[in-house]
Amino acid sequence: MTQSRADWDPGSGLGLTATEAAAARAAAAKRQDPLIIDPYAEPLVSAVGVEFFTRLAAGELDESGFALPGMVDWVATRSRFFDDFLTASQHAGTTQVVIIGAGLDSRAYRLPWSPGATLYELDLAEVLSFKTRTMTNLGVHPRVDHRVVGVDLRDDWVTVLRHNGFDDTVPTAWSAEGLMPYLPATARLRLLDGVAALSPAGSRFAADTVVDVNKLRERIAGSPGTNVRSVEHRLDTSTAAAVSGREMVADHFQAHRWAATSFTAAAVFATYGVPTPTVDVITAIEFVTAIRST
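Within an unreviewed UniProt entry, the label attached to the protein chain reads S-adenosyl-L-methionine-dependent methyltransferase, and the organism entered is Mycolicibacterium elephantis DSM 44368. UniProt's Function (unreviewed entry) comment on the protein chain is quoted here verbatim: "Exhibits S-adenosyl-L-methionine-dependent methyltransferase activity." Annotation of the protein chain in UniProt includes, under Sequence similarities (unreviewed entry), the sentence "Belongs to the UPF0677 family."

Here you go:
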């Protein structure tokens, strides 16, 4: 069972967000001593067919072409944080995993997964079918029981997830990477409510949040390559959406009997030995992790 929006494609609007993040991962993987290795990022970007991002992913253009200065460092650090979160969840015995807003993420194909693990990816049907088709054409197959769930996260994704075999009696690791700024405030609340309702004791959650969505929009609008972007469709720019995502996420989980912890972007950069970019939008980003104990 899938739901989709006919206006989605990987080369415009919200699709560009997924494409640019994959291009940044590709660029990061080319560095000496890379923080993250994603061998599928560049082929996925190339399959999208937007020349600007294809050249960024191939290292043919300077990294200043990305939406934000320091974006490659940021995406590499963020990706490593979520890689480590999911790996730690596996080591803790959590074998049911949900990646919310999966985009062109390739973790199903590149991370080591525990025997018996099941990975659900939630995103619009078009992005998931594009990624699956591209990976199949590359001759690459998932390393886990991989279930793609095409759904608009503003709709009833809980019912769709259950219809695809999700077991709400099993502890689950939830990942929401680079997602919160792109949802209206009401959709974010519904998302958090859904996660809490589906999660028994032992479940885990991780997300990154942007405090000032409007500032991020302004940065993107003024960056190189804006001619191939539709900024207004990449970010929800309503006043309600600019409310602090960190407070919403952490406080919401604590109200549902989860233990929630927040980390500044600077702290996460320091953990991985990466200099913190001076861009205020990045330094204002925070991470939240939560564990349900009862």
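Undergrad: When you look at the nonpolar core in this model, what are you seeing that I'm missing?
TA: Counting 60 residues, the largest nonpolar core has Phe53, Phe66, Trp74, Phe81, Leu104, Trp113 and Leu119 as the members making the most contacts within it. No other element matches the 9 residues that helix α4 (residues 71-91) contributes to this core.

Undergrad: It is not clear to me how the environment of Arg55 should be interpreted in this structure. Could you clarify?
TA: By the element assignment, Arg55 lies in helix α3 (residues 51-57). Note: C-alpha distance between Arg55 and Gly65 (10 residues apart in sequence) is 9.9 Å. Sequence-distant contacts of Arg55, defined by excluding residues within four places in its chain, comprise Glu60 and Leu61.

Undergrad: Even after reading the chapter, I still don't get the pattern of salt bridges, so can you show me in this structure?
TA: Where charged atoms from two side chains of opposite charge come close, those side chains can pair. One pass over the full model with this rule turns up 17 salt bridges. Where Arg147 meets Asp145, a salt bridge forms, and the shortest distance between an N and an O atom there is 3.0 Å. For Arg147, a relative accessible area of 29% translates into the label partly exposed. One salt-bridge network, held together by shared partners, links Arg25, Asp38, Arg78, Asp83, Asp105, Arg107, Arg110, Glu177 and Asp208.

Undergrad: Just to check I follow, could you spell out the side chain of Asp152 for this structure?
TA: With respect to the helices, strands and loops of the structure, Asp152 is situated in the loop between β3 (145-150) and α7 (157-163). Looking at Asp152, its side chain comes within polar contact range of the main-chain nitrogen of Arg154, at 2.8 Å.

Undergrad: Please clarify how the environment of Asp62 should be interpreted in this entry.
TA: Here Asp62 shows up in the loop between α3 and α4. You can call Asp62 exposed: its relative accessible area is 56%. Between the alpha carbons of Asp62 and Ala27 there is a distance of 9.8 Å; along the sequence they are 35 residues apart.

Undergrad: Honestly, the pairing of strand β2 (residues 118-123) in this entry has me stumped. Any pointers?
TA: Note on strand geometry: in a regular strand, side chains alternate between the two faces of the sheet. For β2, the buried fraction is high: 6 of the 6 residues fall into the buried class. As paired strands, strand β1 (residues 96-100) and β2 are joined by 5 bridges and run parallel to one another. Across the sheet, Ile99 pairs through a bridge with Glu121, a residue of β2. Note that β2 and β3 share 6 bridges and pair parallel. The residue bridging Asp123 from the neighbouring strand is Gly150, located in β3. Between the parallel pair β2 and β3, the chain is carried across by helix α6 (residues 125-137), and the sense of this crossover is right-handed.

Undergrad: How do you make sense of helix α2 (residues 41-48) when you look at a structure like this?
TA: Side chains three or four residues apart in an α-helix point the same way, a direct result of the helix having 3.6 residues per turn. Buried residues of α2: Ala41, Leu44, Val45 and Val48, and no others. The arc enclosing the buried residues of α2, seen along the axis, measures out at 100 degrees, which places them on a common side.

How each quantity is defined
- Residues numbered from 1 in each chain as written.
- Predicted model: local features only at pLDDT ≥ 70, side-chain atom pairs only at ≥ 80, totals over all residues.
- Heavy atoms only, no water.
- UniProt positions renumbered as here; feature names shortened; annotations may be inferred.
- Core = buried A, V, L, I, M, F, W, Y, C linked by side-chain atoms within 4.5 Å.
- Buried < 20%, exposed > 50% of the residue type's maximum accessible area, 1.4 Å probe, protein only.
- Helix = DSSP H or I, 4+ residues; strand = E, 2+ residues; numbered from the N terminus.
- Contact = heavy atoms within 4.5 Å.
- Salt bridge = Lys/Arg side-chain N within 4 Å of Asp/Glu carboxyl O.
- Polar contact = N/O pair within 3.5 Å; in protein donor to acceptor, adjacent residues only side chain to side chain.
- Pairing = 2+ DSSP bridges.
- Right-handed = clockwise from strand over helix to strand, strands pointing away.
- Arc of directions from axis to C-beta.

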